[in-house]
Amino acid sequence: RQLIAAANADVVCLQEVAPESFADDFAFMAELGYDGVELFRKGRFRPATFWKSARCRLAAPAAHKDRVLLTSFWVGDSGTAQAK
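Residues numbered from 1 in each chain as written. Predicted model: local features only at pLDDT ≥ 70, side-chain atom pairs only at ≥ 80, totals over all residues. Heavy atoms only, no water.

Caption draft 1: How the structure looks around the sheet that holds strand 2 (residues 34-38). One open sheet holds the 3 strands; their spatial order is 1-3-2, and the pairing between them is antiparallel. Lying at the two open borders of the sheet, with one neighbouring strand each, are strand 1 (11-17) and strand 2. Ignoring strand direction, the axes of neighbouring strands in this sheet form an average angle of 20°. Where strand 1 meets strand 3 (residues 46-52), 5 bridges bridge the pair, whose relative direction is antiparallel. Residue Leu14 lies in a different strand from strand 3, and its bridge partner there is Ala48. (Pairing = 2+ DSSP bridges. Helix = DSSP H or I, 4+ residues; strand = E, 2+ residues; numbered from the N terminus. Axes fitted to C-alpha atoms, helices over the stretch in contact; angles between N-to-C directions.)

Caption draft 2: Structural detail: the pattern of salt bridges. Taken as a whole and judged by the stated rule, the model has 2 salt bridges. A salt bridge links Arg1 to Glu31, with the shortest nitrogen-to-oxygen separation between them at 3.0 Å. In this pair, Arg1 is assigned in the segment before helix 1 (2-7) and Glu31 in helix 3 (residues 28-31), connecting sequence segments 30 residues apart. The burial state of Arg1 is the same as that of Glu31; both residues are exposed. Residue Asp10 is joined to Arg55 by a salt bridge in which the shortest nitrogen-to-oxygen separation is 3.3 Å. (Salt bridge = Lys/Arg side-chain N within 4 Å of Asp/Glu carboxyl O. Buried < 20%, exposed > 50% of the residue type's maximum accessible area, 1.4 Å probe, protein only.)

Caption draft 3: Inspection of the packing of aromatic side chains at higher detail. Within this structure, the stated rule accounts for 5 aromatic pairs. An angle of 40° between the planes, with centres 5.3 Å apart, marks the rings of Phe22 and Phe26 as tilted. Phe26 matches Phe22 in its accessibility class, with the two residues each being buried. Aromatic ring contacts, followed pair by pair, group Phe22, Phe26, Phe28 and Phe50 into a single cluster. (Phe/Tyr/Trp six-rings, centres within 6.5 Å; stacked < 30°, edge-to-face > 60°.)

These figures capture arrangement, not role.
Below, the structure written as structure tokens:
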């Protein structure tokens with residue numbers, strides 16, 4: 001939590017998050033201004049991506065296959081956003 005807050009990154013990608021405790025483990029991300037998406041399919045641990053909603057928005061729905069979570073973003077103000 002402290003490292004993520006200190007980094008103040010626009011996008012945070014995590015691997016090996018646990019579905020059983022995800023909501024509790026990462027509830028603080030909303031307090032820091034992040035939206036997020038996670039991939040929970042078969043298996044014990046899965047990836048998750050969070051982004052600062054004030055700086056980024058999803059350019060397309062998150063895509064996933066096997067152990068990969070692919071997210072693309074529009075970055076910047078709504079009037080100057082560019083795909084990344």
